Structure formats: C-alpha cells, structure tokens
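So the chains spell out like this:
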Amino acid sequence: MISKLKNFDVGLSCILACIYFTALPLTITINAAGNSFLKLLTIPIAGYLAASLIFYKGKLELNIIHFFSVVFLISVVMTLFADNSSTSVQYVLGYIQTIALLFLITVKKYRKNEMEAFEITQLVLLVILIWLGFIGADWYGDRNTMVLFGATCDPNYFAGLFLLPIAVSLKKLKENKVYMVVCPILILLGSYMVLSSGSRGGLLALAVTVVSYVFINAKSAKQRFIGLGVAVVIAVIMWTIVIPLLPESVSERFSLTEVIESRGTQRVDIWISMLDAIKNSTWELFCGRGINSYHEMMKDGKLVQVVAHNQFIQSLYNQGLFGCISFVIMSVSAIFRNIKKRAYISAAMLGTLALAMSLSINPSIKAFWNLLIYSAFTLNITNNQKEVDSI
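This text gives an overview of the structure that appears in the document. (Residues numbered from 1 in each chain as written. Predicted model: local features only at pLDDT ≥ 70, side-chain atom pairs only at ≥ 80, totals over all residues. Heavy atoms only, no water.)

### Let's talk about the nonpolar core
Side chains of a nonpolar character, in soluble globular proteins, are inclined to be buried together. Counting 92 residues, the largest nonpolar core has Phe21, Ile105, Phe118, Phe162, Trp369 and Phe377 as its most contacted members. Every residue in contact with Ile105, bar those within four places of it in the chain, is listed here: Ala17, Tyr20, Phe21, Leu49, Tyr110, Ile373 and Phe377. One finds Ile270, Met274, Ile313 and Tyr317 within the second-largest nonpolar core, a separate group that totals 10 residues. (Core = buried A, V, L, I, M, F, W, Y, C linked by side-chain atoms within 4.5 Å. Buried < 20%, exposed > 50% of the residue type's maximum accessible area, 1.4 Å probe, protein only. Contact = heavy atoms within 4.5 Å.)

Listed below in structure tokens is the structure:
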C-alpha cells in the first residue's frame with residue numbers, strides 16, 4: 001500500500017480528505033439517531049487522520065486560521081455559561097468536532113499534486129451537485145434544490161454549496177485546454193442551479209464570488225476590465241434569457257419590487273426585532289444568550305421563535321460581541337491569508353460572507369467550514385516530500 005501511495009505521490013490522508021469533501025451533499029441526510037450520513041462517514045476518516053499524526057515525521061503546519069478558529073471556539077464554549085441545556089451542549093460539541101476536523105486535515109504539509117487533488121475534488125463535487133440539481137432534485141415549492149435519500153435541502157444552503165466549486169472552476173479555466181472547455185460549462189450549469197434555486201442571497205453570493213475573483217486574480221487594470229466585462233455579459237444573458245424561463249414564482253423573487261414588498265421574506269422584520277433586543281440587553285451583549293437561542297417576536301399576529309437568517313446578527317445575539325467579532329476575524333483572516341497565492345479561496349469566502357447576510361451558519365453548514373479548511377492548507381507547497389502517511 002505504501003509503495004502504491006509513493007507511486008501516485010498522493011498520501012492516504014489526502015485521499016480520505018478528498019472523499020470527505022466530495023461527500024458534502026450527505027450532510028442533509030440523517031439516520032434514525034439523528035446523525036447525518038456525512039458525520040458517520042467522517043468518524044473513520046477523522047480516526048485515521050488522528051492516528052496518522054502519531055507517525056507523521058514532518059513539522060505540523062499551524063497558521064493564523066488555526067489560531068482564530070480556536071478563539072472562535074472559545075467564544076462558543078463560553079455560551080454554556082448562559083445556556084447549558086443538553087441541546088446547547090450538543091451544538092457546542094458539534095463546533096468542537098468541526099474545528100478538530102479542520103486541524104486533523106490541515107496540520108500536515110501537502111505536496112503540489114495533493115493540492116491539485118483537492119482542487120479537482122471541487123470540480124467533481126460541482127458535477128455531482130449539478131447532477132443532483134437536474135436529476136436527483138425536487139422543487140421546493142417552485143424553487144429548485146436537491147433531494148437525497150428522501151431529505152430535501154434548503155434552497156439557500158443548496159446555492160451556497162456551489163460557491164467554492166465555481167471559484168475553483170474559475171481558477172482552472174486557464175490551466176490547460178481541457179479545463180478551458182470543461183470549466184465554462186460547469187460554471188454556467190452551476191450558475192443556473194443557483195438561479196433556479198430562487199435564492200436571492202445565493203445569487204448575490206455568486207456575483208460577489210465571480211467579481212472578487214476577477215479583481216483579486218487580475219494582474220492589471222486591463223485584465224480586470226476584460227474580466228468584469230465578460231462577467232457582465234454572462235449576467236445579462238442569465239438575467240434576460242435564463243431567469244424568464246424559470247417558473248414565474250421563482251423569477252419574481254429576483255425583482256426589486258418583490259424584495260421590497262416581502263421585506264426580504266420578512267427577514268428585515270426579524271433583524272430589526274433582534275437588533276432591538278440586542279440594543280436593550282445588558283450582560284447578554286457581551287456573553288450572548290446561548291449558542292442555540294431563538295428569538296421570540298410577533299409575526300403574522302402570532303408569538304413565534306425565529307432565527308436571524310443572518311450570521312452576523314445571529315452570532316451577536318447568541319454569542320455576544322466576543323463571538324461575533326471572533327467569527328468576523330476568523331473569516332477575514334482566511335481571505336487575507338490566501339489573497340496572493342489562492343485567490344479562488346478568498347473570492348469564495350467573500351461570496352460566502354455575502355450569503356451569510358441571509359443565512360445563519362452553524363456546525364451543519366459544511367460549505368462554510370470546508371471552505372475554512374481549504375483556507376488553512378499550507379502555503380509552502382513542495383513537489384516532493386519524504387514523509388508518507390503510515391498505513
């Protein structure tokens with residue numbers, strides 16, 4: 001086994017991590033005990049990664065992402081002082097497991113072709129997501145999403161799954177002739193999936209991802225102008241040709257009138273109510289109300305419990321100032337760490353933060369956490385490496 005891994009020059013840790021990333025859609029499916037199939041798959045993978053560290057001969061690659069993820073985790077654990085119910089404990093354990101997996105995957109130094117394997121994995125994932133969108137999906141009302149083993153994905157989360165794979169496709173466009181043919185097709189089909197989901201936050205996130213990549217990756221003002229021009233042409237085609245072909249209830253979601261009249265599907269009302277509660281809070285402003293807290297408000301004449309559908313307001317409400325600031329710093333550090341050498345990661349993170357304006361992020365939102373894992377990969381890539389995973 002070891003000799004084969006040497007010939008392929010790809011370690012088993014890399015292979016298992018690629019399997020984990022490819023299995024991202026399994027996060028929406030759960031068994032009778034309430035565990036997602038992705039979590040069940042992750043357990044043996046994490047077990048091997050932890051055991052392999054015992055035999056790892058190289059220097060552990062710790063960086064700013066690891067530091068700020070631990071700071072964020074501390075803010076999560078601190079919420080137990082406000083609410084230590086069994087449900088909140090389970091949420092905190094979910095964050096601990098997520099951050100632990102980030103460490104297990106990224107503390108090793110990877111070879112150049114292993115990093116290439118991680119990028120190709122995102123292209124494979126994009127193909128799977130597109131296939132699920134066309135073949136294995138159902139319509140969430142009139143909005144497109146995916147259905148897997150009977151579980152239906154939220155359309156906003158479904159749209160968010162495409163950001164990193166599309167960003168990788170943008171990076172691969174100019175690498176060789178095969179990618180020049182395949183990647184534009186994948187980008188267009190992936191963009192159609194985002195549009196057909198009816199997710200306004202997803203559409204904004206996709207636009208931010210593409211425009212950010214163009215500006216970050218361009219070497220000159222001329223390249224930025226050309227890249228932006230191409231993006232505008234594609235956007236016009238999508239807006240004038242593709243959107244009108246969607247079901248009427250979906251296409252209307254993208255109109256400014258609909259956004260204003262629905263107040264962002266009542267999100268604005270929720271934000272105002274939660275911000276008002278935060279403004280009038282005392283110790284909760286600093287300590288939060290608990291990681292699994294819901295906000296009570298009057299909605300359609302009824303007293304209901306709601307979440308913010310906005311990560312920044314939700315983290316401020318649940319974790320207080322420390323938690324909200326630590327989340328922002330952790331995310332921003334991922335952008336700046338990769339902005340020079342891996343522009344596609346920075347662009348995808350900017351897009352994901354745009355989506356976070358209409359989506360609360362918890363341990364099950366693996367699209368965000370997997371992107372954070374990518375942002376923590378070593379920047380010191382070598383063509384050869386003596387250390388090979390022990391089997």
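Still more ground to cover, so stick around.
### Concerning the pairing of strand 2 (residues 143-148)
Within strand 2, 6 of the 6 residues are buried, leaving the element largely enclosed by the surrounding structure. Burial along strand 2 is two-sided: Arg143, Thr145 and Val147 facing one way and Asn144, Met146 and Leu148 facing the other are all buried. Two strands pair when backbone bridges link them, and strand 2 and strand 3 (residues 151-152) are joined in this way by 2 bridges, in the antiparallel orientation. Paired with Val147 across the two strands is Thr152, which belongs to strand 3. Connecting strand 2 to the next strand, strand 3, in antiparallel fashion are 2 residues, including Phe149 with a positive phi near 55°. (Helix = DSSP H or I, 4+ residues; strand = E, 2+ residues; numbered from the N terminus. Pairing = 2+ DSSP bridges.)

### Quick notes on the pattern of salt bridges
Under the criterion given, the structure shown has 7 salt bridges. Of the charged contacts in the structure, one is a salt bridge between Glu119 and Lys171, with a shortest N-O distance of 2.9 Å. Placement of the pair is Glu119 in helix 6 (residues 112-134) and Lys171 in helix 8 (residues 163-172), with a sequence separation of 52 residues. Of the charged contacts in the structure, one is a salt bridge between Lys279 and Asp276, with a shortest N-O distance of 3.7 Å. (Salt bridge = Lys/Arg side-chain N within 4 Å of Asp/Glu carboxyl O.)

### Topic: the packing of helix 4 (residues 64-78) against helix 18 (residues 366-376)
Put simply, helix 4 and helix 18 touch, their axes get as near as 9 Å, and they point 145° apart. For the pair helix 4 and helix 18, the contacting residues are Ile65, His66 and Phe72 in the first and Trp369, Leu372, Ser375 and Ala376 in the second. Residues that form the contact of helix 4 with helix 18 fall into these classes: 5 nonpolar, 2 polar and no charged. (Axes fitted to C-alpha atoms, helices over the stretch in contact; angles between N-to-C directions. Nonpolar A, V, L, I, M, F, W, Y, C, P; charged D, E, K, R; others polar.)

### Considering a nonpolar patch on the surface
Taken together, the side chains of Trp131, Phe134, Ile135, Val178, Met180, Val181, Val182, Ile185 and Leu189 present a nonpolar region at the surface, about 880 Å² in accessible area. Elements that contribute at least two residues to the nonpolar patch include exactly helix 6 and helix 9 (177-196). With 6 residues, the top contributor of residues to the nonpolar patch is helix 9. In this structure, Val181 sits in helix 9. (Patch = residues over 30% accessible without salt bridge, like charges linked within 9 Å, V, L, I, M, F, W, Y side chains within 5 Å. Areas by Shrake-Rupley, 256 points an atom, 1.4 Å probe, with all protein chains shown as cover.)

### What about the packing of aromatic side chains?
Here the structure, examined in full by the defined rule, presents 19 aromatic pairs. Where Phe21 meets Tyr374, the ring centres are 4.8 Å apart and the plane angle is 55°; that geometry is what we call tilted. Of this pair, Phe21 sits in helix 2 (residues 12-22) while Tyr374 sits in helix 18, and the two are 353 residues apart along the sequence. A residue is classified by how much of its surface remains accessible, and Phe21, at 1% relative accessible area, is buried. For the pair Phe37 and Phe149, a centre-to-centre distance of 5.9 Å together with 55° between the ring planes defines the contact as tilted. Note that Phe37 is positioned in helix 3 (residues 37-55) and Phe149 in the loop between strand 2 and strand 3, a separation of 112 residues in sequence. Taken together, the ring pairs in this structure connect Tyr20, Phe21, Tyr110, Phe118, Tyr374 and Phe377 into an aromatic cluster. In this structure, Arg289 is placed above the aromatic ring of Tyr317, and the distance from its NZ or CZ to the ring centre is 4.3 Å. (Phe/Tyr/Trp six-rings, centres within 6.5 Å; stacked < 30°, edge-to-face > 60°. Lys NZ or Arg CZ within 6 Å of the ring centre and 35° of its normal.)

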